[in-house]
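Below, each chain spelled out in residue letters.
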Amino acid sequence: MMKRTLLALLAVAGIGAAPARAEWPERPVTVVVPYPPGGNNDILARLLAPVVERNLGQPLVIDNRGGGGGTIGAGMASRADADGYTLLFADIGVLAIAPHLFARLPYRNDSFTPVIRLTEVSLLVGVPPRSPYQDIAGLLAAARARPGQLTFATPGNGTAGHLATQMLMSLSGTQMVHVPYRGSGPAQIDLLAGTVDLLIDGTLLPAVTQGTARALAVTGPSRSPFTPDLPTVAEAGVTNYNFLSWHGVVAPRGTPEAAIQRLNNAYNAAIADPAVQDRARQLGLPLKGGSAAEFAAFIESERAKMGPLVQASGARVE
């Protein structure tokens, strides 16, 4: 009787009982952005962070780890503990293009668990403000008349802009000269100066709005709500053309499902926030959202789509 009474008293006092498991997250969450500050990945990660922080009850620490076309930061994130405290702010380059572009990667296709797809970005087909080409038809007619003489800028070999231009050339039977840069910023500077004839990129909207660049079309399957007067490349006469860039969040493989679901909910809430939507609209970044399972299926389909484009572009990183 005394033993049972003592155990009951200990239980009431909480002595000898297993400690209650704290709910995730108990501390700040690191978000690895595998590119330098200032690009769309970095801007979007920081734009969404305040709303995600409110929903999680913990700060997000944005950690920029540029290099290797995003692969260095992705490799670092893949080796982090799968406890929900390290995320990768990924994109089409890291998750869909790099597996075909690089001979060796510091991560595998199955190194990550998808959390959420964040954007669906239709790139702008841009020309210098004083370009003689008024539409896609005029640009491609000039490319056919002078094969190998028109130039196109890209943020680098194997980037989304490179493959979007490769798709344009493949479907239109044209050939232009590739001029790769170290990022969208330098490529855009030379486009505005008229040094190159063409740049297909996702960062051109501010320049187009300001009149320092001119857009001929958008690369997606439908017109962009940000530039409703611009036709799609397919509408402009290049049948079957459809290229979208995108961003998303993934976590190291094995991250607990409860953490994945909370993160998915928090990022979906950020995407629905009116202030976030307004700023994303100014930046030309259409927000997407959805479930982790939907993002997983999307990544697989994009990897399959990018393989032939990388091969046709001739881009390869040993």
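Quick note: structure is the one above.
Undergrad: Can you help me understand the overall build of the protein chain in this one?
TA: From N to C terminus, the protein chain includes 11 helices and 12 strands. Dimensions of the protein chain, computed from C-alpha atoms along their principal axes, come out at roughly 100 × 40 × 30 Å. The 318 residues of the protein chain split such that 50% are buried. Long-range contacts, defined as pairs at least 24 residues apart, comprise 79% of the intrachain contacts of the protein chain with a sequence gap of at least 6. Carbon and sulfur atoms form 55% of the exposed surface of the protein chain, whose accessible area is close to 14,500 Å². Taking the average place of the 25 positive charges on the side chains of the protein chain and the average place of its 23 negative ones, the gap between the two points comes to 4 Å.

Undergrad: Which parts of the structure should I look at to understand the sheet that holds strand E4 (residues 112-117)?
TA: Across a sheet, paired strands are connected by hydrogen bonds in the backbone, their directions being either parallel or antiparallel. Read across the open sheet, the 5 strands follow the order E2-E1-E3-E12-E4; overall the sheet is mixed. Taken across any chain shown, the strands that pair with only one partner, and hence form the sheet edges, are strand E2 (60-64) and E4. The mean angle between the axes of side-by-side strands here comes to 30°, regardless of whether they run parallel or antiparallel. Here strand E3 (residues 86-91) pairs with strand E12 (residues 247-252) via 4 bridges, running antiparallel. If you follow Ala90 over to E12, its bridge partner there is Gly248.

Undergrad: What is the right way to look at the sheet that holds strand E9 (residues 198-201) in this model?
TA: Across the sheet, which stays open at both edges, the 5 strands sit in the order E8-E7-E9-E6-E10 with mixed pairing between neighbours. Strands at the two margins of the open sheet, each flanked by one partner only, are strand E8 (177-180) and strand E10 (214-218). Between one strand and the next, the sheet's axes are offset by a mean angle of 30°, whatever the strand orientation. Pairing analysis gives 3 bridges linking strand E6 (residues 124-127) to E9, with the strands arranged antiparallel. Each residue of the ladder has a partner; that of Leu124, found in E9, is Asp201.

Undergrad: Is there a simple way to think about the environment of Ala234 in this case?
TA: Among the structural elements, Ala234 can be located in the loop between E10 and strand E11 (244-245). Residue classification places Ala234 among the partly exposed positions, given a relative accessible area of 31%. Sequence separation between Ala234 and Ala217 is 17 residues, and the spatial gap between their C-alpha atoms is 9.1 Å.

Undergrad: Is there a simple way to explain the pattern of salt bridges in this structure?
TA: Here the idea is simple: oppositely charged side chains can pair when their charged atoms come close. Taken as a whole and judged by the stated rule, the model has 12 salt bridges. Across the salt bridge formed by Arg262 and Glu23, the nearest N and O atoms sit 3.8 Å from each other. Of the two residues, Arg262 is situated in helix H9 (residues 257-272) and Glu23 in the loop between helix H1 (2-13) and strand E1 (29-33); the sequence distance between them amounts to 239 residues. Each of Arg108, Asp110 and Arg253 takes part in salt bridges that share partners, so that together they form one network.

Undergrad: Help me understand the environment of Val32 in this model?
TA: You can see Val32 is positioned in strand E1. Its relative accessible area of 1% is what places Val32 among the buried residues. Through-space distance from the C-alpha of Val32 to that of Gly183 is 19 Å; in sequence the pair is 151 residues apart. Once you skip the residues sitting within four places of it in the chain, Val32 turns out to touch Asp63, Arg65, Gly73, Met76, Ala77, Thr86, Leu87, Leu88 and Phe89.

The rules we used
- Residues numbered from 1 in each chain as written.
- Predicted model: local features only at pLDDT ≥ 70, side-chain atom pairs only at ≥ 80, totals over all residues.
- Heavy atoms only, no water.
- Helix = DSSP H or I, 4+ residues; strand = E, 2+ residues; numbered from the N terminus.
- Buried < 20%, exposed > 50% of the residue type's maximum accessible area, 1.4 Å probe, protein only.
- Contact = heavy atoms within 4.5 Å.
- Areas by Shrake-Rupley, 256 points an atom, 1.4 Å probe, with all protein chains shown as cover.
- Lys, Arg positive; Asp, Glu negative; His and termini not counted.
- Charge placed at Lys NZ, Arg CZ, Asp CG, Glu CD.
- Pairing = 2+ DSSP bridges.
- Axes fitted to C-alpha atoms, helices over the stretch in contact; angles between N-to-C directions.
- Salt bridge = Lys/Arg side-chain N within 4 Å of Asp/Glu carboxyl O.

So, to be careful, I would describe these as geometric facts and stop short of saying anything about function.
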